[in-house]
Structure formats: C-alpha cells, structure tokens
Amino acid sequence: MRSEFATATGFIFDCDGTLLDSMPAWNETEARLADMCREPLTAQDVEDVRALPITQAAAIFAAHGVAPTADEVLALIDDMLLSFYGTKVQARPGALAFVQELARVGVPCTVVSSSPARYIDAGLSHNGFDGLFREAVSTDTMKLSKQDPRIYRYAVDRMGSRLEDTWGVDDALYAVKVMRDTGLRTVGAYDCDETAGSIEELAAATDICVLTLEDLLS
C-alpha cells in the first residue's frame, strides 16, 4: 500500500464508478428517463440529478413529466437498476483488494453514495465486500447531497477517524472538491465516464489520482 496512507485513520469511498462499475447503467437509465421528459432537462437539472439524493432526482424527473409523482419515477428506476446491482454489476479493478488490505491493517472504511441503500448493499454484497465497511451512507437516507460537507463529517465521526488523516476516494470532480474543502485528503479514482470530469481536472483537484484502485496497492 502507498506510503501516503501510513497515517490514515479512515477512508470514505464513493460507490458508483469508484467501487462498482455501475456508471454506464446509471447513464443509460438517466438517458431513458430524459427521453421520457415532456420538457427537456436544463444543464442545472442534469447536475442536480447526478448529485442529489435519488428522491430529489426523481422529483426533478416527475416535474418534467416522466410520471405523475416522484414515487412512480423511483419505481421506474428500481425496475431498471435494482436487479442489475444484485446480479450483474462488477467491482472496479483493484477495489476489493484495496479495501481488504485496509481492513487487514485496521483502517476503518465507510461508503458515501448518492445511490439508495438497497442498491449499495446489493452491489457490494454481490462483489464480496460484506463486512468490510463500518457503514454505507446513502444521501437518500441522510437527506444530504454529496455537495454538502456534513455528509463527510458524519462519516468521519462514525469511524472515529481524524478529519485531516481521513482519505476520500471518488471518481467525480465535484465530490473530491467538496471532500478536499471539508479537510479530507483525496484520491481521484478516474473513470472514463464522461460525467466525472477529465483526468487532468481530477488530478489537479486531488492529492493522488489513479486510473484504478489497483494503483494504490503498490
């Protein structure tokens, strides 16, 4: 494991695009819902859909005519994604091995994700992550987005780690910037998904930027 992590007291991991290779499925779902909109989404709508808790994202789609209510939009999303998480999604390269190594040396880990807890739990269990995280924190449960520093401070408090010695790992540019500004050290786990930002932007915003989590084991 890299020498920079010698003093780490905790790790916060994003799920989609960082631990799990699930962003293509999310992008397809978003595109299908966007096609169902009676009014086109604005650029701000798209940004909010990707960062806000899923109930709020569903409300945006409902407001654009996808279905009469946010609950009905949520049911559509479940139909498109829940089985995928439970039976098909694969871990990103090196993700399981890196988290297992952190567990071996006694560094606590937490997941902070915009996905619903039922998706996170199904996808992580399907890929052998059971028992490796102190908690899987969903923005949907917390009613806080990943743009809100409080969700990262909550994860730090739950782990009992020191803020300045806690690392945040995410593929999304906006998320690593929030974690950095909150006081965490940051790893940009680049995903070629176009919604995450370029690798140059990610590298500029983080302490470490890698193509896969395998690169953190050396």
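Details of the structure are given in the entry above.
Conventions adopted
- Residues numbered from 1 in each chain as written.
- Predicted model: local features only at pLDDT ≥ 70, side-chain atom pairs only at ≥ 80, totals over all residues.
- Heavy atoms only, no water.
- Core = buried A, V, L, I, M, F, W, Y, C linked by side-chain atoms within 4.5 Å.
- Buried < 20%, exposed > 50% of the residue type's maximum accessible area, 1.4 Å probe, protein only.
- Helix = DSSP H or I, 4+ residues; strand = E, 2+ residues; numbered from the N terminus.
- Contact = heavy atoms within 4.5 Å.
- Salt bridge = Lys/Arg side-chain N within 4 Å of Asp/Glu carboxyl O.

Outline the nonpolar core, supporting the account with residue identities and numerical values.
By size, the foremost hydrophobic cluster in this structure holds 52 residues, and its most contacted members are F11, F13, L19 and F133. Tallying contributions element by element places helix α4 (residues 70–87) first for this core, with 7 residues. Discounting residues that sit within four places of it in the chain, F13 has contacts with L19, F98, V99, L102, C109, T110, V111, V112, F133, V169 and L213. Core analysis: the next-biggest nonpolar cluster, separate from the first, contains 18 residues, I12, M159, A172 and A175 among them.

I'd like a description of the pattern of salt bridges, backed by residues and values.
Applying the stated criterion to the full structure yields 11 salt bridges. Salt-bridge contacts for R104 lead to E101; the nearest nitrogen and oxygen are separated by 2.8 Å. Here the residue R104 and the residue E101 both occupy positions in helix α5 (residues 95–104), the gap between them amounting to 3 residues, near one helical turn. Here R104 falls in the exposed class, since its relative accessible area comes to 61%. Between K143 and D140 there is a salt bridge; the shortest N-O distance is 3.9 Å. A residue is classified by how much of its surface remains accessible, and D140, at 14% relative accessible area, is buried. Overlapping salt bridges bring together D14, K146 and D170 as one network.

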